[in-house]
Amino acid sequence: MPVPVLRTAAELRALPRRGRRAVVMTMGALHEGHAALVRAARERTGPEGQVVVTVFVNPLQFGAGEDLDRYPRTLDADLEVAAGAGADAVFAPPVEEVYPGGEPEVRISAGPMGGRLEGASRPGHFDGMLTVVAKLLHLTAPDLALYGEKDAQQLALITRMVRDLNFPVEIVGVPTVREADGLALSSRNRYLSPGERTTALALSRALFAGRDALAAGGGLRAARAAAGEVLARAAEADPPLVLDYLALVDPSDFTEIGDDGDAAGGGEAVLAVAARVGATRLIDNVRLRPGHPGGAR
Ligand SMILES: Nc1ncnc2c1ncn2[C@@H]1O[C@H](COP(=O)(O)OP(=O)(O)OP(=O)(O)O)[C@@H](O)[C@H]1O
Ligand SMILES: CC(C)(CO)[C@@H](O)C(=O)[O-]
Ligand code: BAL
């Protein structure tokens, strides 16, 4: 069944509420990772509930020189993926509908966590991201909202915003969906040539090497070193991987964990990587659990 496409805030307000409402926010170019979020939303609302998918490429979270203009826009295909995964409606507004006053002067500040890691590499990104997430939460008024763990710092910041600013919504994280060879699904993967894709596999391989080193009893220092070795080899590949960061961080606030330090939050850590292959910038991460069998999940 085709899924209704709502273009304006007024159309969204006119959508009758039914049971618990879940929202899955995306920038479009939907793939199986997005479909997993929609299916997880459906499971949580039950058949009597309602799942709304938003498709909006948010200019505010792109920096100068980033890929705002070439970001893939594939609404017809997105509607099929959303419907196939169980969405009830897609909200795909034009920019003027989300930013009726033009570029906003008042924005959400992502605070100290927003300046770390991804925030250090993409200044202003998380302020822009949280500002649009706040707007989309107001517009869609959901009971719950689901986000992927692939964008772990984004998920941590949204969770923090909702707590700090008393948004009446439950935030749910969904595990990263990967290709059979480990590459995390990402809309930006479609920029990769076959050779670039082969090099890009080093991101997930590095993280898995880190997880395996931890499972073998090496501790967090060995985990990071093992990941670093994989990335160093990929830097010599053709085309090369250009590392932005490899970091071990505390999942609650994304502060870096020293080599011998314990992570706060029950000793868990996130091993996160960002790198460029050709003109494409990719990120990935795994959760590490020192002391747990397998070292991770
Ligand atoms: N492989 C994945 N597994 C689970 N969730 C994902 C995956 N990829 C993206 N998501 C989630 O889907 C939501 C929308 O993300 P977005 O539209 O930016 O897709 P993306 O694939 O991350 O794109 P990009 O390549 O631009 O980063 C976010 O909550 C994001 O974390
Ligand atoms: C959450 C989001 C839809 C806000 O534009 C975006 O950052 C994304 O797709 O992850
Ligand atoms: N998936 C995160 C959104 C962004 O890269 O802008």
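The structure displayed is predicted, hence computed values, not measured ones. (Residues numbered from 1 in each chain as written. Chains lettered and ligands numbered in written order. Predicted model: local features only at pLDDT ≥ 70, side-chain atom pairs only at ≥ 80, totals over all residues.)

Caption draft 1: Here's a closer look at the UniProt feature "active site" (unreviewed entry) in the protein chain. Here, the residues flagged by UniProt with the feature "active site" (unreviewed entry) are His 34. Its location among the elements puts His 34 in helix H2 (residues 32-45). The exposure class assigned to His 34 is buried, which follows from the 27 C-beta atoms found within 10 Å. Here His 34 is in contact with Val 24, Thr 26 and Val 81, once residues within four sequence places are set aside. (UniProt positions renumbered as here; feature names shortened; annotations may be inferred. Helix = DSSP H or I, 4+ residues; strand = E, 2+ residues; numbered from the N terminus. Buried ≥ 20, exposed ≤ 12 C-beta atoms within 10 Å, placed from the backbone. Contact = placed C-beta atoms within 7 Å.)

Caption draft 2: Expanded view of the site of ligand 1. Taken together, 18 residues surround ligand 1, and among them Gly 33, Gly 148, Leu 185, Ser 187 and Arg 188 come closest. Listed by contribution, the elements that provide at least two residues to the shell around ligand 1 are H2 and strand E5 (144-148). Of all the elements, H2 adds the most residues to the shell around ligand 1, at four residues. Its residues placed into classes, the shell around ligand 1 shows eight nonpolar, seven polar and three charged. (Near = placed C-beta within 6 Å. Nonpolar A, V, L, I, M, F, W, Y, C, P; charged D, E, K, R; others polar.)

Caption draft 3: Up close: the nonpolar core. Ranked by size, the top nonpolar core spans 88 residues in total, and within it Val 24, Val 38, Ala 82, Val 90, Ala 227 and Leu 271 carry the most contacts. Split by domain, this core shows at least three residues from each of two domains, domain 1 (5-174) and domain 2 (187-288). Aside from chain neighbours lying at most four places away, what touches Val 90 is Val 3, Val 5, Val 53, Val 55, Leu 79 and Ala 82. (Core = buried A, V, L, I, M, F, W, Y, C linked by C-beta atoms within 7 Å. Domains from an automatic or database assignment.)

Caption draft 4: Spotlight on unusual backbone geometry. Cis geometry marks the peptide bond from Asp 238 to Pro 239, where omega comes out at 0°. By secondary structure assignment, the location of Pro 239 is in the loop between helix H9 (219-234) and strand E7 (241-249). The phi torsion at Leu 117 lies on the positive side, around 45°, for a residue other than glycine. Secondary-structure assignment places Leu 117 in the loop between helix H4 (95-98) and helix H5 (118-121). For Leu 117, a count of 24 C-beta atoms within 10 Å gives the class buried. Look at Phe 254: it is not a glycine, yet its phi comes out positive at around 65°. Tracing the backbone shows Phe 254 in the loop between E7 and strand E8 (269-277).

Caption draft 5: Summary view of the pairing of strand E2 (residues 21-26). A large share of E2 lies buried, amounting to six of its six residues. The alternating pattern of E2 places Arg 21, Val 23 and Met 25 on one face and Ala 22, Val 24 and Thr 26 on the opposite face, and all of these are buried. Where E2 lies against strand E3 (residues 50-55), six bridges are found, and the strand directions are parallel. In the strand pairing of E3, Ala 22 is matched with Val 51. Once the chain exits E2 it traverses H2 before rejoining the sheet at E3, and the crossover so formed is right-handed. Across three bridges, E2 lies against E5 in parallel orientation. Paired with Val 24 across the two strands is Leu 146, which belongs to E5. (Pairing = 2+ DSSP bridges. Right-handed = clockwise from strand over helix to strand, strands pointing away.)

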